Amino acid sequence: MDLHHRSPEYNALLLAGPRLGPLKQAHARLIVAGHGLSLPLTTKLATLAVAAGAAPYARLLAASHPAPDSFLFCTLTRAAAHRGLPAAALTFYRGLLAAALPFSSFAFTAVAKACADLSALRAGMAVHAHAILLGFGSDRFVQTALVVQYSKCGQLAVARKLFDAIRDRSVVAWNAMISGYEQNGLAERAIEVYKEMQMAGEAPDSATFVATLSACAQAGALDLGREVERHIVSERMDMNVFLGAALVNMYVRCGLVNKAREWFDRLQERNVVTWTSMIAGYGMHGHGHEAIKLFHLMRREGPLPNDVTFIAVLSACAHAGLVSEGRDAFATMKSVYGLVPRAEHYCSMVDMYGRAGLLDDAMQFIRNSIPGEPGPEVWTAMLGACKMHKNFNLGVEVAERLIALEPENPSHRVLLSNIYALSGKMNHVEKVRNTMIKRRLKKQIGYSLIEIGGIAHLFRMGEKSHPQTRDIYRYLEELIHRITDAGYVPETDSVLHELEEEEREFALRYHGEKLAVAFGLMMSAGSTAPIRIIKNLRICRDCHLAIKYMSAVENREIIVRDKHRFHHFKDGKCSCQEYW
């Protein structure tokens, strides 16, 4: 090996580097010099070929060698997995298997990573079984790689079982489990694992904080997010682009858009994800003009906007009524950056026209600008606009298109039922609801969540399981009386139309949003800090109106993050300016 390290042939490979043309020239030189069958040189050549993205060439080199060893295939498996070539990594692993050569732990960790990147559950299970068969089942590096694999394949129960079996968990293992939960939408579980990690005395690293901040963003766990920020600052951690983006995103998603901008401005390195997060944050919080300004700054000073950036910009325009700016952005996306619009871009444009009340423009855009048959997300945006602006005839037509496209989606039928009800066609309401009963289609259950002292409290409509239910209801009753005196009149169109007026008002009174706000106000009497609520669905019109009044009579800012955006209620007004 030392001989080859000093040889001109080896130096020629190093000089060629991960470039296919020079590597082929170096390969020819090896053959001419009589070193074509040197296994160390072949291994180096093939590994550089993988680094150059030429996995088929590397496979040819490995397959043509008369006596390949385990190190060759293991090295190629690992190189391909870490170069973003997971399919090639699986091929090299199978080559190792076919040659009946010895395996190493790093071959298994590499191929498990490849299965994770491909979300190839069946192949991953075979790799797992093979690792156990060869005695690598209790190797902590292999176990950690398998935790990542099963997490990325959505098999969280299996991942957790493996994680719990690791005796001496490294920070990488903890990070794998936190990320696994967060990436599968189980933010609360991710936060639990982070807290377990703290109790176990394991020192977190930058990747731990990135995953935990992402979980905080998803769950709206502001207190923990701030605690993580304090750790980062006090330990003077290197503020890499991923950590910076995670901090910006956490503050955006937890409702502190100004704090997010502070961090954004402090970052020395910002990638397209960081810029896009900040633009999207302004859009979600109703600061459409700020989103547009930042987008233009990005075009001048930042990385090239990608298709996700344009979704963020178009959404910001839709939520702020900036129709002209949205049109310009959509045109720029195609003409300047050569990006092909996807369903999300078309949907945002329809949403923008629809929210602004330009229903004819929205329909014209659907007919003239969307190639092929529009998808259900486009018609859903159109249907929402019809309901918002009380165009019932068009709404029925759009709803029927949606139901034809997605007959098993209950939300379309609920919206159609609401449109019939608003237009007074109660016989049609009955038909829609009977169909839903027959098909066993159920409306998604809404809930509102508020965090007090690091503990999440969840409220559904009419919630009575909370230990402080009696006090919460009493407080809410007093609050309703006060906002009624201030001019609040319930919007009873928000609930089922077969109920009598008095019953409708009663149903509205105990919506989860109102219960959560009442609990938050009750538990923070005397404080001036904002009340923060997370709603899993779109906030209803009556709760939106009621919370505006609550913010005025209590002299408190109330921030509600619903399915689509943030609503900052202050002094009887909402930041959304009714664009929601």
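Quantities reported herein were computed from a predicted structural model and do not represent experimental measurements.

Conventions and cut-offs
- Residues numbered from 1 in each chain as written.
- Predicted model: local features only at pLDDT ≥ 70, side-chain atom pairs only at ≥ 80, totals over all residues.
- Heavy atoms only, no water.
- Phe/Tyr/Trp six-rings, centres within 6.5 Å; stacked < 30°, edge-to-face > 60°.
- Helix = DSSP H or I, 4+ residues; strand = E, 2+ residues; numbered from the N terminus.
- Buried < 20%, exposed > 50% of the residue type's maximum accessible area, 1.4 Å probe, protein only.
- Lys NZ or Arg CZ within 6 Å of the ring centre and 35° of its normal.
- Expected span 1.5 Å × (residues − 1).
- Arc of directions from axis to C-beta.
- Contact = heavy atoms within 4.5 Å.
- UniProt positions renumbered as here; feature names shortened; annotations may be inferred.
- 1 Å grid on protein atoms, 1.4 Å probe; cavity = no way out; pocket = protein on both sides within 12 Å on 5 of 7 lines; lining within 4 Å.
- Points joined across faces, edges and corners; volume = space filled by probe spheres on them.
- Nonpolar A, V, L, I, M, F, W, Y, C, P; charged D, E, K, R; others polar.
- Axes fitted to C-alpha atoms, helices over the stretch in contact; angles between N-to-C directions.
- Parallel < 35°, antiparallel > 145°, perpendicular 65-115°, else oblique.
- Left-handed = near helix turned anticlockwise from the far one by under 90°.
- Salt bridge = Lys/Arg side-chain N within 4 Å of Asp/Glu carboxyl O.

If you walk through the whole model with that rule in mind, you get 15 aromatic pairs. With 5.6 Å between their ring centres and 70 degrees between their planes, Phe 330 and Phe 365 make a pair best called edge-to-face. Of the two residues, Phe 330 is situated in helix α21 (residues 323-335) and Phe 365 in helix α23 (residues 359-369); the sequence distance between them amounts to 35 residues. Overall, Phe 330 belongs to the buried group, its relative accessible area being 6%. Exposure remark for Phe 365: the relative accessible area of 7% places this residue in the buried category. For Lys 24, the ring lying beneath its charged end belongs to Tyr 57, and the centroid distance is 5.5 Å.

For the rest of this paragraph, the subject is helix α13 (residues 187-200). The end-to-end C-alpha distance of α13 is 20 Å, a good match for the 20 Å that 14 residues give at a rise of 1.5 Å each. Listed in full, the buried residues belonging to α13 are Ala 187, Ala 190, Ile 191, Val 193, Tyr 194 and Met 197. In a view along the axis of α13, the buried residues occupy a sector of 160 degrees, so they form one face of it. Projecting away from the buried face of α13 at angles above 90 degrees are the exposed residues Met 199 and Ala 200. Its buried side turned inward, α13 meets α11 (156-165), α12 (171-183), α14 (206-219) and α15 (222-234). The first or second residue beyond α13 is Gly 201, which carries a positive phi of 80 degrees.

Quick look at the UniProt feature "repeat: PPR" (unreviewed entry) in the chain now. Listed under "repeat: PPR" (unreviewed entry) in the UniProt record, and renumbered for this structure, are residues 170-204 and 271-305. Overall, residues 170-204 shows 77% helix and 0% strand. The separation of its end C-alpha atoms is 10 Å. Between the C-alpha atoms that bound residues 271-305 there is a distance of 10 Å. The span itself is 77% helix and 0% strand.

By volume, the second largest pocket is sized at about 670 Å³. The wall of the second largest pocket is formed by 26 residues, among which Lys 113, Thr 144, Val 148, Val 172 and Ala 176 lie closest to the centre. Counting only elements with at least two residues in the lining of the second largest pocket, the list comes to α6 (70-82), α8 (105-118), α10 (140-152), α12 and α14. Sorting elements by how many residues they give to the lining of the second largest pocket places α12 first, with seven residues. Here the lining of the second largest pocket is composed, by residue class, of eleven nonpolar, ten polar and five charged.

Let us now look at the packing of α15 against helix α16 (residues 241-253). The interhelical angle for the contact between α15 and α16, taken along N-to-C directions, is 150 degrees, at an axis separation of 10 Å. Accordingly, the angle class assigned to the pair α15 and α16 is roughly antiparallel. The hand of the α15/α16 crossing is left-handed. Where α15 abuts α16, its residues Leu 222, Gly 225, Arg 226, Glu 229 and Ile 232 lie against Leu 243, Leu 247, Met 250 and Tyr 251. Broken down by class, the residue content of the contact of α15 with α16 amounts to six nonpolar, one polar and two charged.

Per the counting criterion, the structure on display carries 19 salt bridges. A salt bridge links Lys 113 to Asp 117; the shortest N-O distance between them is 2.9 Å. A residue pair is termed a helical-turn pair when its members lie 3 or 4 positions apart in one helix, as Lys 113 and Asp 117 do in helix α8 at four residues. One salt bridge connects Lys 514 with Asp 542, and the closest N-O pair in it is separated by 2.7 Å. One end of the pair, Lys 514, is in helix α30 (residues 512-523); the other, Asp 542, is in helix α31 (residues 541-553), and 28 residues separate them in sequence. The class for Lys 514 is buried, based on a relative accessible area of 0%.

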